[in-house]
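# Commentary on secondary and tertiary structure
If you want the building blocks of each chain, they are given just below.
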Amino acid sequence: GFIALITPAFLVIPLMWWIGKRADHPRVRGAIRGLLLAAAGLLLSAAMPLTQDALTGPFALAVILTSFGLLTFTKIDSAWIMAGAAAAGLSTLLF
């Protein structure tokens with residue numbers, strides 16, 4: 001169990017060193033681009049069910065859209081945006 005948990009971390013360090021030395025090679029660049037797209041697809045596929053569960057009404061939609069807008073178009077730290085969204089969500093329980 002523990003070995004399976006820490007092995008990827010130990011393999012990534014030499015792999016990143018090897019890729020860094022060959023980053024200008026077109027095949028390596030293509031592989032990196034493919035891995036980046038695969039990771040983005042995995043994140044999106046994991047986020048969609050969470051979004052569907054979180055979207056419970058118009059207020060939640062407003063919080064989601066406001067948070068997205070702030071993250072995309074401002075330089076506000078994401079921790080403050082999460083804290084504001086959490087405070088807005090908790091305020092619905094009080095009122």
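Residues numbered from 1 in each chain as written. Predicted model: local features only at pLDDT ≥ 70, side-chain atom pairs only at ≥ 80, totals over all residues. Heavy atoms only, no water.

## What about the overall build of the chain?
If you tally the helices and strands in the chain, you get 4 helices and 0 strands. Listed N to C, the secondary structure of the chain is α-α-α-α in terms of helices and strands. Here the chain has a C-alpha radius of gyration of 20 Å; the compact-globule value for 95 residues is 12 Å, and the former is much larger. Across the 95 residues that make up the chain, the buried fraction comes to 6%. (Helix = DSSP H or I, 4+ residues; strand = E, 2+ residues; numbered from the N terminus. Rg over C-alpha atoms; globule rule 2.2 N^0.38 Å. Buried < 20%, exposed > 50% of the residue type's maximum accessible area, 1.4 Å probe, protein only.)

## Examining the environment of isoleucine 3
Along the chain, isoleucine 3 turns up in helix H1 (residues 2-21). In the structure, isoleucine 3 is positioned 59 residues away from alanine 62 in sequence and 44 Å away in space, judged by C-alpha atoms.

## Thoughts on a nonpolar patch on the surface
On the surface, a cluster of nonpolar side chains totalling about 330 Å² of accessible area is made up of Leu55, Leu61, Ile64 and Leu65. Tracing the backbone shows isoleucine 64 in helix H3 (residues 58-73). The partly exposed category is assigned to isoleucine 64, whose relative accessible area is 33%. (Patch = residues over 30% accessible without salt bridge, like charges linked within 9 Å, V, L, I, M, F, W, Y side chains within 5 Å. Areas by Shrake-Rupley, 256 points an atom, 1.4 Å probe, with all protein chains shown as cover. Salt bridge = Lys/Arg side-chain N within 4 Å of Asp/Glu carboxyl O.)

## A closer look at the environment of threonine 7
The topology assignment puts threonine 7 in helix H1. Among the residues examined, threonine 7 registers a relative accessible area of 31% and is labelled partly exposed.

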